[in-house]
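# Working through the structure, step by step
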Amino acid sequence: MGLTAGVLAIDAGNSKTDVAVIAHDGTVLGTARGEGFRPPAVGLDRAMSTLTATVTRALATAGTPTVSHVSACLANADLPVEEEQLTAALTDCGWGSTVEVRNDTFAILRAGVTEPRGVAVVCGAGINCVGMRPDGRTARFPAIGRISGDWGGGWALAEEALWHAARAEDGRGAPTALASALPAHFGLPDMPALIEALHLERVAQVRRHELTPVLFATAAEGDGVARAIVDRQAEEIVTMAVVALRRLELLNEETPVLLGGGVLAARHAVLLDGIDDVLGERAPKAVARVVSVRPVLGAGLLGLDRVRAPAAARDRLREQYEG
């Protein structure tokens, strides 16, 4: 007799989606990878259609049409009302008897800890932070941009670098090597040429994210303006983590602070060192580390937690992703 499917784990980010079908004993029965999940950009119906295609492939590989529980960690599930809407949408799909939807930051957090206890900060295109305790208490932020008090992430860093470089070029701001490094990345001679190219979309707007690594490289070379931007990002990451730790009454306990998302996963030393320094001052017992394992592991572990799978099942699942 084959293994029965217990959990459908979904980690759906803005750029890609990973799905895993997991047996009750933690064995991965089938997987699939698909496009990102972006309801605000493409509409819920189209986003669900794309997600359904990926889930269908994973279920087919596993040889089962349904599971006991769906554990979905989804980008853009930022507000309770959005979680309710997405829970209803996934329930209508009939993939599992029960469905739990969380923001995708929870997947990174759970992937990085052996029990559901700690704080995670994601710094990718944007920034977000969540925390959780084994008793079910959580801490989180709306994380929908500047209107909810957020600052940072790859897009904001690129914008900040451009702002300072433009002002350095025309004399409104302090001199910075960014004024030459940013246009050079696109093969352009100076900031006026880059400003024109971006404004007229000869350089596509989406390519602005390419300037974030240039910012970090310039900061690592000792440029003061670039370093100040990176230091601000480190400060913001730690601020979010400390608030979450305080809300969960973990500030005075040794607690993991997991770091994920493209900006943090790139392991820029100037940023990680800044985080360690500021975190050491504000939360000396917190232990920061970058999570490199695929976050769908975290969605799977949350699912196994929900169905009360034994510890051996969680260990087996982790072994399959950590190698």
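Residues numbered from 1 in each chain as written. Predicted model: local features only at pLDDT ≥ 70, side-chain atom pairs only at ≥ 80, totals over all residues. Heavy atoms only, no water.

## Observations regarding the packing of helix H12 (residues 296-306) against helix H13 (residues 311-322)
Put simply, the rule reads: Here, axes are lines fitted to C-alpha atoms. For helices the fit covers the stretch in contact, and angles between N-to-C directions go from 0 to 180 degrees. Counting from the N terminus, the helices are the DSSP runs of H or I reaching at least four residues and the strands are the DSSP runs of E reaching at least two. By the definition adopted for this analysis, an angle is roughly parallel if under 35 degrees, roughly antiparallel if over 145, roughly perpendicular if from 65 to 115, and oblique otherwise. We call two residues contacting when some pair of their heavy atoms lies within 4.5 Å. Note on residue classes: Ala, Val, Leu, Ile, Met, Phe, Trp, Tyr, Cys and Pro are nonpolar, Asp, Glu, Lys and Arg are charged, and everything else, Gly too, is polar.
H13 packs onto H12 with a crossing angle of 170° between their chain directions and a minimal axis gap of 10 Å. By the angle class used here, H12 and H13 are roughly antiparallel. Touching Val-296, Leu-297, Gly-300, Leu-301, Leu-304 and Asp-305 of H12 are Ala-313, Arg-314, Leu-317, Arg-318 and Tyr-321, all from H13. Of the residues contributing to the contact of H12 with H13, the split by class is seven nonpolar, one polar and three charged.

## Here we look at the side chain of Arg-318
Test applied: Think of it in three bands: residues with accessible area under 20% of the maximum for their type are buried, residues over 50% are exposed, and the middle band is partly exposed, with areas taken using a 1.4 Å probe on protein chains only.
Residue position: Arg-318 is located in helix H13. The class of Arg-318 is buried, set by a relative accessible area of 14%. For Arg-318, the residues in contact, after removing those within four places along its chain, are Arg-110, Ala-111, Val-113, Thr-114, Leu-297 and Leu-301.

## Examining the sheet that holds strand S1 (residues 5-12)
As a reminder of what qualifies: DSSP calls a pair of strands paired once it identifies at least 2 bridges connecting them.
If you walk across this open sheet you meet the five strands as S3-S2-S1-S4-S5, and the pairing is mixed. The open sheet has two edge strands with one neighbour each: strand S3 (28-35) and strand S5 (96-103). Direction aside, neighbouring strands of the sheet carry axes that sit 15° apart on average. Relative to strand S2 (residues 16-23), S1 runs antiparallel, the two being bridged by seven bridges. Opposite Asp-11, over in S2, you have Asp-18 as the bridge partner. The strands touched by helix H2 (residues 44-62) are S1, S2, S3 and strand S4 (67-74); relative to S3, the strand with the most contacts, the crossing angle is about 155°. Contacts from helix H3 (residues 80-93) reach S1, S4 and S5 within the one sheet, and its direction differs from that of S5 by about 150°.

## Remarks on the packing of aromatic side chains
Here a ring pair, both rings aromatic, is described through the centre-centre distance and the interplanar angle of the planes. As a reminder, the rule being used: Aromatic pairing here means that ring centres of Phe, Tyr or Trp (its six-membered ring) are within 6.5 Å. Orientation follows from the plane angle: under 30 degrees is stacked, over 60 is edge-to-face, and everything else is tilted. The criterion for a charge sitting over a ring is simple: Lys NZ or Arg CZ within 6 Å of the ring centre, and within 35 degrees of the ring normal.
Scanning all chains against the criterion turns up zero aromatic pairs. The ring of Phe-106 carries the charged tip of Arg-102 above its face, separated from the ring centre by 5.2 Å.

## Describing the side chain of Arg-208
With respect to the helices and strands, Arg-208 occurs in the loop between helix H7 (191-199) and helix H8 (211-220). Judged by relative accessible area, which is 15%, Arg-208 ranks as buried. Among residues more than four places away in sequence, those in contact with Arg-208 are Trp-155, Ala-158, Glu-159, Leu-162 and Leu-198.

## Notes on the packing of helix H5 (residues 154-170) against helix H9 (residues 224-247)
Packed helix pairs are specified by the crossing angle of their axes together with the interaxial distance, meaning the distance between the axes. Cut-off, in case you're wondering: A crossing counts as left-handed when the near helix is turned anticlockwise from the far one by less than a right angle, and as right-handed when that turn is clockwise.
It is at 10 Å that the axes of H5 and H9 come closest, and there the two elements cross at 150°. Relative to H9, the element H5 lies roughly antiparallel. In this structure, H5 crosses over H9, and the sense of that crossing is right-handed. Facing Leu-157, Glu-160, Ala-161 and His-164 of H5, the residues of H9 in contact are Val-225, Ile-229, Arg-232 and Gln-233. Residues belonging to the contact of H5 with H9 are distributed by class as follows: four nonpolar, two polar and two charged.

## A closer look at the sheet that holds strand S6 (residues 118-123)
Pairing is mixed across the open sheet formed by five strands, whose spatial order is S8-S7-S6-S9-S10. Whereas interior strands pair on both sides, the edge strands pair on one side only; in this sheet they are strand S8 (138-140) and strand S10 (286-290). Across the sheet, the axes of successive neighbouring strands diverge by a mean angle of 15°, strand direction being ignored. Docked against the sheet, H9 engages S6, strand S7 (127-132), S8, strand S9 (255-260) and S10, running at close to 25° with respect to S7.

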